Amino acid sequence: MKRPLILLGFASLLSGCSAQWGWYVVNPASPTGMTNLQFLLSGLYYTVLLSLTAISISVVTGLLVALPGLSDNRYLRSFNRVYVELVRAVPILVLILWVYYGLPQLTSLTISVFWAGVIALALSDSAFQAEIFRAGIQSINKGQYEAAHSVSLSYPDTMRFVILPQAIRRILPALGNQLVYMLKMSSLVSVIGMQELTRKANELVVTEYRPLEVYTVLVLEYLALILIVSAAVRWLERRMQTDERN
Amino acid sequence: MISTSAQPVIRMEGVSKFFGSFQALKDVSLNVNSGDRVVVCGPSGSGKSTLIRCINRLEKHESGSIIVDGVTLSDSRESLNAIRAKVGMVFQQFNLFPHLTVLENLTLGPVRARNTGKTEAAELAMRYLERVRIPEQAEKYPRQLSGGQQQRVAIARSLCMEPQIMLFDEPTSALDPEMINEVLEVMAELAASGMTMICVTHEMGFARRVADKMVFMDHGEIVEMSPPEKFFSTPESQRCQDFLQKILHH
Ligand SMILES: Nc1ncnc2c1ncn2[C@@H]1O[C@H](COP(=O)(O)OP(=O)(O)OP(=O)(O)O)[C@@H](O)[C@H]1O
Ligand SMILES: [Mg+2]
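For the structure given in this document, a descriptive report is provided here. (Residues numbered from 1 in each chain as written. Chains lettered and ligands numbered in written order. Predicted model: local features only at pLDDT ≥ 70, side-chain atom pairs only at ≥ 80, totals over all residues. Heavy atoms only, no water.)

### Re the overall build of chain B
Helix and strand counts for chain B come out as 9 helices and 10 strands. Here the C-alpha atoms of chain B give a radius of gyration of 18 Å, agreeing with the 18 Å that 2.2 N^0.38 yields for 250 residues. For the C-alpha atoms alone, the extent of chain B along its principal axes is close to 55 × 45 × 40 Å. Restricting the contact set of chain B to residue pairs at least 6 apart, pairs at least 24 apart contribute 65%. Working note: accessible area of chain B is about 10800 Å², and carbon and sulfur atoms make up 47% of it. The averaged location of the 30 negative side-chain charges in chain B is 4 Å from the averaged location of its 27 positive side-chain charges. (Helix = DSSP H or I, 4+ residues; strand = E, 2+ residues; numbered from the N terminus. Rg over C-alpha atoms; globule rule 2.2 N^0.38 Å. Contact = heavy atoms within 4.5 Å. Areas by Shrake-Rupley, 256 points an atom, 1.4 Å probe, with all protein chains shown as cover. Lys, Arg positive; Asp, Glu negative; His and termini not counted. Charge placed at Lys NZ, Arg CZ, Asp CG, Glu CD.)

Right, dumping it as structure tokens:
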């Protein structure tokens, strides 16, 4: 329980500055404050689950969209361009609303809030992933393809064992950025009622009328989450770099 | 040493290759018999790399025909696979897979493309690493090796596919002078074992010692083709004489 303690320190520091603060709403020392804090933190589960599910799907989709973009075939390349330009042009919030309210009308399928959020976030992110993968794959020296060719590797094997492992090491920082971006964008799914961090904060604000304190806690929640993710990505980069560079 | 058979193992006839409107190979014909050691030389941009890259289809020729051990090179998948299985290639820049260990570099082809078992592939790899005299480097990554060692790994990687023909594209040009000999030594041993080889190189000492056919190219054409004794003592064309003059006197 280190976090509430830090928050408490932070709170007492700020409470002296202005009469506007009312930290009691999230004061872990008081029973209601503690309940409120737990309520806010309980959104963490869906924020993380939503973001990780969406980014897993968008990485795979992005790769599948990137590959035709590298083809010699003009039509495959235009498929890549059209997909990227189209998807990139739609604001994420609009995509979320469209998938949640629009798509069921089109397909007569009801879609859960969670999956609507995942689909919208993944779709939107996949266009960026496609560009990242394309650049990463293009940065690999042509000699690697030629060497793979000369030891008889098929195209899928060349990609899987030679090109992608090197490309992924190079794009790891960009993938890390996308995950951070995804964690932040997942807050938009609160508008369709996903019980993630932002939604929880909104609900608490409505009952407690303390937006300043509640949203400050929300900011700190995202900050902590993203610092942890950044550290994890940097650790992964270092680990992978130990066996790179020619 | 294997005696040369009557049927050439590589048969190029009237091969032309264009890059856009630029003609890199002009109506080139070349026969290579099994066990032949051909050394190709010529000024920069003369089409040496293009010539040998057409043989394993890293480049597609536009006209003429290339037949390698009975297989006519074409766009068909079967011919492509057959050619790649028969022909190994060593590059100027080594082109090792930097994210894989030496051993993994050697076993990837056999395991994925020839369905060799992992242990069997590793044994094969160790055999060839011993042949290029660096078995102790098996677990290292390419960047941890010297240039000469890297190129020997690249040769071993090619040999692991057990090709019938080996192509070398300036294998020592990217090396520091003190490392050139260790690579040439390995290549000379390979030649002595009867491997059919085409080497693009300007190492004329090596050529004299190993080649049984010299090819001189200029402007996309084979200008001169003769046994090394004749090639070095009495080259016929002026262009070849000039080239040899330049390269031997420095
Ligand atoms: N991919 C390509 N696109 C366009 N032109 C090319 C390409 N590859 C080679 N060329 C041109 O074809 C000609 C022959 O090139 P090639 O690489 O075969 O020469 P080379 O004899 O191997 O020269 P070097 O000794 O410099 O390696 C050169 O003029 C080169 O500029
Ligand atoms: Mg060349």
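### Considerations on the side chain of A:Gln144
Relative to the elements of secondary structure, A:Gln144 occurs in helix α7 (residues 142-150). Of the residues examined, A:Gln144 reaches a relative accessible area of 6% and is grouped as buried. A polar contact of 2.8 Å, which involves the side chain of A:Gln144, links it to the backbone oxygen of B:Leu96. Setting aside residues up to four positions removed in sequence, A:Gln144 forms contacts with A:Val162, A:Ile163, A:Gln166, B:Asn95, B:Leu96, B:Phe97 and B:Pro98. (Buried < 20%, exposed > 50% of the residue type's maximum accessible area, 1.4 Å probe, protein only. Polar contact = N/O pair within 3.5 Å; in protein donor to acceptor, adjacent residues only side chain to side chain.)

### Digging into the site of ligand 1
Residues and elements named next belong to chain B. As a structural note, the neighbourhood of ligand 1 is formed by Phe19, Phe22, Ala24, Pro43, Ser44, Gly45, Ser46, Gly47, Lys48, Ser49, Thr50 and Glu170. Within the backbone of Gly45, one N or O atom sits 2.8 Å away from an oxygen atom of ligand 1. A distance of 2.5 Å separates an oxygen atom of ligand 1 from a polar side-chain atom of Thr50. Residue assignment for the shell around ligand 1 shows that the elements contributing at least two residues are β2 (22-33) and α1 (48-55). Looking at which element gives the most residues to the shell around ligand 1, the answer is α1, with 3 residues. Considered class by class, the residues forming the shell around ligand 1 number 4 nonpolar, 6 polar and 2 charged. (Near = heavy atom within 4 Å. Nonpolar A, V, L, I, M, F, W, Y, C, P; charged D, E, K, R; others polar.)

### Some thoughts on the sheet that holds strand β5 (residues 71-72) of chain B
Residue and element names in this part refer to chain B. If you trace the 4 strands from one edge of the open sheet to the other, you get β2-β1-β4-β5, paired in antiparallel fashion. This sheet does not close on itself; its edge strands, each paired only once, are β2 and β5. Judged from the 2 bridges that link them, strand β4 (residues 63-68) and β5 form a sheet pairing that is antiparallel. Bridging from a neighbouring strand, Val68 pairs with Val71 of β5. (Pairing = 2+ DSSP bridges.)

### What to know about the sheet that holds strand β10 (residues 221-226) of chain B
All names here are of chain B. In spatial order, the strands read β6-β7-β8-β3-β9-β10; together these 6 strands make up an open sheet with mixed pairing. Of all the strands in the sheet, just β6 (87-90) and β10 have a single pairing partner and so form its edges. Each strand of the sheet is rotated relative to its neighbour by a mean of 20°, with strand direction disregarded. For strand β7 (residues 165-169) and strand β8 (residues 196-200), the ladder comprises 5 bridges, and the chain directions are parallel. Bridge pairing in β8 links Asp169 to Val200. Helix-sheet contacts for α1 involve β3 (37-41), β6, β7, β8 and β9 (213-218), and the interaxial angle to β7 is about 155°. Contacting β6 and β7, helix α5 (residues 147-159) runs over the sheet at an angle of about 170° to β6. (Axes fitted to C-alpha atoms, helices over the stretch in contact; angles between N-to-C directions.)

### Looking at helix α10 (residues 211-241) of chain A
The terminal C-alpha atoms of α10(A) lie 44 Å apart, and with 31 residues this matches the ideal 45 Å at 1.5 Å per residue to within 8%. Residues A:Glu213, A:Val214, A:Thr216, A:Val217, A:Leu218, A:Glu221, A:Tyr222, A:Leu225, A:Ile226, A:Val229, A:Val233 and A:Glu237 constitute the buried set of α10(A). (Expected span 1.5 Å × (residues − 1).)

### Quick word on the interface of chain A and chain B
Tallying the contact residues gives 24 residues for chain A and 26 residues for chain B. Taken together, the two surfaces of chain A and chain B that pack against each other cover about 2200 Å², and 55% of this comes from carbon and sulfur. Of the charged contacts, one joins B:Arg112 and A:Asp157 as a salt bridge, the two residues approaching to 3.1 Å between their closest N and O atoms. At the boundary of chain A and chain B, one finds 10 residue pairs in polar contact (both at pLDDT 80 or more). Every element with two or more residues in the side of chain A that touches chain B is listed here: α7 and α8 (155-185) of chain A. Per-element accounting of the side of chain A that touches chain B gives the leading share, 8 residues, to α7(A). In terms of residue class, the side of chain A that touches chain B is built from 7 nonpolar, 9 polar and 8 charged. (Buried area = accessible area lost by both parts, 1.4 Å probe. Salt bridge = Lys/Arg side-chain N within 4 Å of Asp/Glu carboxyl O.)

### Notes on empty space enclosed by the protein
Residues and elements named next belong to chain B. Inspection of every chain in the model, using the stated rule, returns 3 cavities of 30 Å³ or more. Lining the second largest cavity we find Arg131, Val132, Ile155, Leu159, Val186, Glu189 and Leu190. Of all elements in the fold, only α5 and α6 (177-192) reach the threshold of two or more residues within the lining of the second largest cavity. Residue classes in the lining of the second largest cavity are distributed as 5 nonpolar, no polar and 2 charged. (1 Å grid on protein atoms, 1.4 Å probe; cavity = no way out; pocket = protein on both sides within 12 Å on 5 of 7 lines; lining within 4 Å. Points joined across faces, edges and corners; volume = space filled by probe spheres on them.)

### Concerning the packing of helix α3 (residues 44-69) of chain A against helix α6 (residues 113-138) of chain A
Residues and elements named next belong to chain A. At a minimum axis separation of 5 Å, α3 and α6 run at an interaxial angle of 45°. Classified by the angle their axes make, α3 and α6 are oblique. Like other packed secondary-structure pairs, α3 and α6 cross with a definite hand, here right-handed. When grouped by side-chain class, the residues that make up the contact of α3 with α6 number 19 nonpolar, 8 polar and 2 charged. (Parallel < 35°, antiparallel > 145°, perpendicular 65-115°, else oblique. Left-handed = near helix turned anticlockwise from the far one by under 90°.)

### Quick word on the packing of helix α5 (residues 92-107) of chain A against α6(A)
For any two helices packed against each other, one specifies the inter-axial angle together with the distance between the axes. Residues and elements named next belong to chain A. The interhelical angle for the contact between α5 and α6, taken along N-to-C directions, is 135°, at an axis separation of 9 Å. Of the possible angle classes, the one that applies to α5 and α6 is oblique. Crossing angle aside, the handedness with which α5 passes α6 is right-handed. Contacts between α5 and α6 involve Ile92, Leu95, Ile96, Val99 and Tyr100 from the former and Val113, Ala116, Ile119, Ala120, Leu121, Leu123 and Ser124 from the latter. By residue class, the composition of the contact of α5 with α6 is 11 nonpolar, 1 polar and no charged.

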